[in-house]
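Letter by letter, the chains look like this.
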Amino acid sequence: MSSQLPGGALRAAALSRREVLRTAALGAGALVLGGTLPAAVSERAAARASDAGAGVRGGAAVVEGTAAASPWDEVPEILARIVPPTFPDRTFPITDYGAVGDNSTDCTAAFRNAIAACNAAGGGRVLVPAGTFRTGKIHLLSNVNLHVQGTIRFRTDPASYLPPVFTRWEGIECHNYSPFIYANGKTNIALTGTGTVDGNAPAGDWSSWGGGGADRDRLRDWGADDHPVDQRVFGSGTKLRPNMIGLYNCTNVLVENLNLRNPAMWTLHPVYCTNVTVRNVTFYSTNSQGDGCNPDSCTDVFIHGCRFNTNDDCIPVKSGRDRDGRRVNRPSQNIVVRDCKFSGRWGGITVGSEMSGGVRKVFAEDCQCNAADFPGRYPVKYALYVKTSFNRGGFVEDIHLRRFTGRNLERDALYITMNYETSGSIPPTVRNFTVDAMTVTGGRAAFNIDGRTAKHIQNVTISNSTFTNMTNSGNVANNVDNLQLINVFHNGRDISTTTPPTGTRYEAENATISQGVVESNHAGHSGTGFVNGDNVAGSYTEWTVTGNAGPATLRVRYANGTTVNRAAAIAVNGAAVVANQSFNGTGAWTTWATTTLPITLNAGANTVRITANTANGNPNLDYIEVQQ
């Protein structure tokens, strides 16, 4: 059961502001630590919680607190461990082993022999030159970089992917058709090149197999009954579709630059892998279950510069399903995502639903949903989609997003649910989320955080974020403990529950301006005006700020009434902090947003310069704020 707060105008006559906030927090499903609201909850937060329009609806405990050290401080240490493999300077063209790039000749044996020769020689590069090479399954060996300049196009007959190999199918271990490209227990492997890996699945019968039907049900029964894995055998005559690229128990993995197209099911599926780099890859899928990149019970994964045009989730992080996932008990952890574009049918960053082994420490930054220059076949429904249930158990914790932009979301910017399935009696632990500097124009709501009475979602902080043109007037938070909204705007209304930490503010109208003017014709600005830069690359605004030597937080308040990204470089004392900071549209010139980033200051005077990178110039700049 959930409760919804009517508008402030309907409640103000009967309740004081503090009573309204107490009513919101003690609604059905709300848990308040210690039994009462903390005294630190401000009257300002109470007024916002009661405001008609864009507040929080449902049983949410709203607690004001002090920000801890940034979880992002751990990312450099994670990235330092993720080192792509390197390979000896030896090349083994598949054409030397009988391959013909005529889109007809079966090159299965040529791939197998070239890979074996490369491995036997101590490693190197297996080259797929220009042309289209038809093949059945490809099994990689250690120290092999499969480098694709042309096109690999896979055969459509299921027999080309037999005999069955060890796999994990939707989170349950079994033996099934080989993934089109497969490795198990290998070290130093790569798939690179500017060519295409084409699963060719729409040309075959894979689509007609759907979600697996009776074979899927039998596998789930076997997982629930602890049926021996070596007896969970599928293959000829069964209909569990193979993934396109399945890498199991591998260490030191690189997938780079390729176009990955038309999988039968999930596109890139690393399972039980460590030290994985996926960069500058374009994903395209049309089948159902057409996920992009699925890190599954993996540790230390870096996905960056990738583009996802998928028929399902873009980057779903997984760790096994139900009893079988808990039996294996291997979490996915230390996943870093950066500079990706999402146009998938469901979530951009997704966790679950198969997460019974646990997921922790997922960091995603500087990503775009439904980018104007990459619209995709389907719009992303959710920028963040966390799907768990009481069948799963396990945990999802320490999930962090920052500097996301999006437009025309089909549903909510953030959806965290414990009700993906309503049955079960093994609750997951779902806690510790931060979202900072998110800007979304167009969607249903900013957030829908959906816990359960028997187990609440804990510790969700959304800060410095702006959501405009959302069709719902409010947001939902049921059975949530410690939801903090800091400097958050929904359809132009400040819905913050917590006052952001104060810093020193430096108004743009007092800064040094190159190719721009101070104006005051758009409402909502601070001080006496804002800087409207000329529409030219290189125009800049520069502030002189005073600080102590050490780390600081920089907040930039801006407005962009267009749909064009007015990207800019941000430099401190002449050194670039961000080379290409996105300043996407805020919905109107009167809608102001804030982006936040870490910087380092010297003792005394420092300069902070924002320089336009494109002919569109900078956004309108209101002020910067520096906090130490």
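Numbers given for residues are sequential positions, taken from 1 along each chain in its written order. pLDDT decides what is reported in this predicted model: residues at 70 or higher carry local features, side-chain atom pairs at 80 or more are listed and counted, and totals for whole chains, interfaces and linings draw on all residues regardless. Hydrogens and water molecules were not included; the side-chain quantities draw on all heavy atoms of the structure.

**Description of the side chain of Thr468**
Step number 1: Counting from the N terminus, the helices are DSSP H or I runs at least four residues long and the strands are E runs at least two residues long. On the secondary structure map, Thr468 appears in strand β36 (residues 457–470).
Step number 2: Only heavy atoms matter for contacts: two residues are in contact if any of them lie within 4.5 Å across the pair. The residues touching Thr468, leaving out its near neighbours within four places in the chain, are Val440, Thr441, Gly442, Asn491, Thr586, Gly587 and Thr591.

**Considerations on the sheet that holds strand β46 (residues 568–572)**
Step number 1: By the convention used here, strands pair only if DSSP detects at least 2 bridges between them. Spatially, β41-β44-β49-β46-β47 is the arrangement adopted by the five strands of the open sheet, whose pairing is antiparallel. Every interior strand has two partners, whereas the edge strands, β41 (512–514) and β47 (575–581), have only one. Along the sheet, successive strands turn relative to each other by an average axial angle of 15°, direction set aside.
Step number 2: Sheet topology note: the β46/β47 ladder contains four bridges and is antiparallel. Looking across to β47, one finds that Ile570 is bridged to Val578. To obtain each axis, a line is fitted to C-alpha atoms, and for helices this fit is confined to the stretch in contact; angles are then taken between N-to-C directions over 0 to 180 degrees.

**Focus on unusual backbone geometry**
Step number 1: Cis geometry marks the peptide bond from Leu162 to Pro163; its omega dihedral reads 5°.
Step number 2: In this model, Asn408 sits at a positive phi of 55°, which is unusual for a non-glycine residue.
Step number 3: For Asn408, the position within the fold is in the loop between β31 (405–407) and β32 (412–417).
Step number 4: Positive phi, close to 70°, is recorded for Asn432, a residue that is not glycine.
Step number 5: By secondary structure assignment, the location of Asn432 is in strand β33 (residues 429–436).

**What to know about the sheet that holds strand β7 (residues 138–139)**
Step number 1: One open sheet accounts for four strands, arranged β7-β12-β15-β18; its pairing is parallel. The open sheet terminates on both sides in strands that have one partner only, identified here as β7 and β18 (268–271).
Step number 2: The pairing of strand β12 (residues 181–184) with strand β15 (residues 245–248) spans four bridges and is parallel. Bridge pairing in β15 links Tyr182 to Gly246.

**Focus on the pairing of strand β29 (residues 382–387)**
Step number 1: Working definition: with a 1.4 Å probe on protein chains only, accessible area under 20% of the residue-type maximum means buried, over 50% means exposed, and in between means partly exposed. Taking burial as the measure, the six residues of β29 include six buried ones, the bulk of the element.
Step number 2: In terms of strand pairing, strand β26 (residues 347–352) meets β29 through five bridges, oriented parallel. Bridging from a neighbouring strand, Gly347 pairs with Tyr382 of β29.
Step number 3: Strand direction decides the pairing type here: β29 and β32, joined by four bridges, are parallel. By the bridge assignment, Tyr385 is partnered in β32 with Tyr415.

**Re the pairing of strand β27 (residues 359–365)**
Step number 1: Within β27, five of the seven residues are buried, which leaves the element mostly enclosed by the surrounding structure.
Step number 2: Pairing geometry for β27 and strand β30 (residues 395–402), over six bridges, is parallel. By the bridge assignment, Phe363 is partnered in β30 with His400.

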